[in-house]
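# Working through the structure, step by step
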Amino acid sequence: FYLATLQEQQGTAAKAEETYRRILKVNPKHAAALNNLAQLRLKANDAAGALDLASQAVAAAPDAPAVLDTYGWMLHGQGKSAEARPLLERAVEKGGRPAHLYHLAEVCHALKADDKAREYLDRALADNAEFPENEAARKLAESLKAGSPR
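What comes next is a walk through the structure. (Residues numbered from 1 in each chain as written. Predicted model: local features only at pLDDT ≥ 70, side-chain atom pairs only at ≥ 80, totals over all residues. Heavy atoms only, no water.)

### Focus on the layout of surface pockets
For the largest pocket, the calculated volume is near 480 Å³. Lining the largest pocket are 19 residues, and of these Gln 39, Asp 69, Thr 70, Arg 97 and His 103 sit closest to its centre. Broken down by secondary-structure element, the contributors of at least two residues to the lining of the largest pocket are α3 (31-43), α5 (65-77) and α7 (98-110). Here the residues of the lining of the largest pocket are counted per class, giving eight nonpolar, six polar and five charged. Empty space within the second largest pocket amounts to approximately 160 Å³. Lining the second largest pocket, in full, are Phe 1, Thr 5, Glu 8, Gln 9, Ala 32, Asn 35, Asn 36, Gln 39, Ala 66 and Val 67. If you list the elements that add at least two residues to the lining of the second largest pocket, you get α1 (2-9), α3 and α5. Of all the elements, α3 adds the most residues to the lining of the second largest pocket, at four residues. Grouping the constituent residues of the lining of the second largest pocket by class yields four nonpolar, five polar and one charged. (1 Å grid on protein atoms, 1.4 Å probe; cavity = no way out; pocket = protein on both sides within 12 Å on 5 of 7 lines; lining within 4 Å. Points joined across faces, edges and corners; volume = space filled by probe spheres on them. Helix = DSSP H or I, 4+ residues; strand = E, 2+ residues; numbered from the N terminus. Nonpolar A, V, L, I, M, F, W, Y, C, P; charged D, E, K, R; others polar.)

Spelled out as structure tokens, the structure:
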């Protein structure tokens, strides 16, 4: 598993995908491998395959925040925000990171629950936490404070 994550970090997605698939041949319910492979498939523009893998990851680890976040965020990306919200709420409840809070805020905003979106953004941006989508979270927070749709 660590080899695959290292391959990802080194930018060799094809090798990482091959390694994750070998892991899954040995252990088809390896939630982290399913989750990471889902993200790779999404980056490769295979949304259907990615969603299937993310769903399998949730079945294998229904309480893992990262897995719940991946699946919920992918559902939101496909316009299924109402389906995504409970998954992302569970990710946050189970100890989710600032990125998970931001994803939940985006979903709440899409569902016109802006008060909740602001609450989650405040938590995501507390203590100047740094995460990959930090700038997007700040922009959404500013937009919501200004009362504009974006």
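From this point, the narrative continues.
### Things to note about helix α9 (residues 134-146)
Along its 13 residues, α9 runs 18 Å from first to last C-alpha, staying within 8% of the 18 Å computed at 1.5 Å per residue. Buried residues along α9 sit against α7 and α8 (114-125). Just downstream of α9 lies Gly 147, where phi reads positive at about 80 degrees. (Expected span 1.5 Å × (residues − 1). Contact = heavy atoms within 4.5 Å.)

### Concerning the packing of α8 against α9
Close contact between α8 and α9 brings their axes to 10 Å; oriented N to C, the two are set at 140 degrees. The angle between α8 and α9 places the two elements in the oblique class. The chirality of how α8 crosses α9 is left-handed. On α9, the residues touching Asp 114, Ala 117, Arg 118, Leu 121 and Leu 125 of α8 are Asn 134, Ala 137, Arg 138, Leu 140, Ala 141 and Leu 144. In terms of residue class, the contact of α8 with α9 is built from seven nonpolar, one polar and three charged. (Axes fitted to C-alpha atoms, helices over the stretch in contact; angles between N-to-C directions. Parallel < 35°, antiparallel > 145°, perpendicular 65-115°, else oblique. Left-handed = near helix turned anticlockwise from the far one by under 90°.)

### Let's talk about the pattern of salt bridges
Across all of its chains, the model carries seven salt bridges by this definition. We note a salt bridge from Asp 63 to Lys 94, for which the minimum N-O separation is 3.7 Å. One end of the pair, Asp 63, is in the loop between α4 (47-60) and α5; the other, Lys 94, is in the loop between α6 (81-93) and α7, with 31 residues separating them in the sequence. For the salt bridge of Arg 85 with Glu 89, the shortest nitrogen-to-oxygen distance reads 2.9 Å. Here Arg 85 pairs with Glu 89, and both are found in helix α6, just four residues apart, close to one helical turn. (Salt bridge = Lys/Arg side-chain N within 4 Å of Asp/Glu carboxyl O.)

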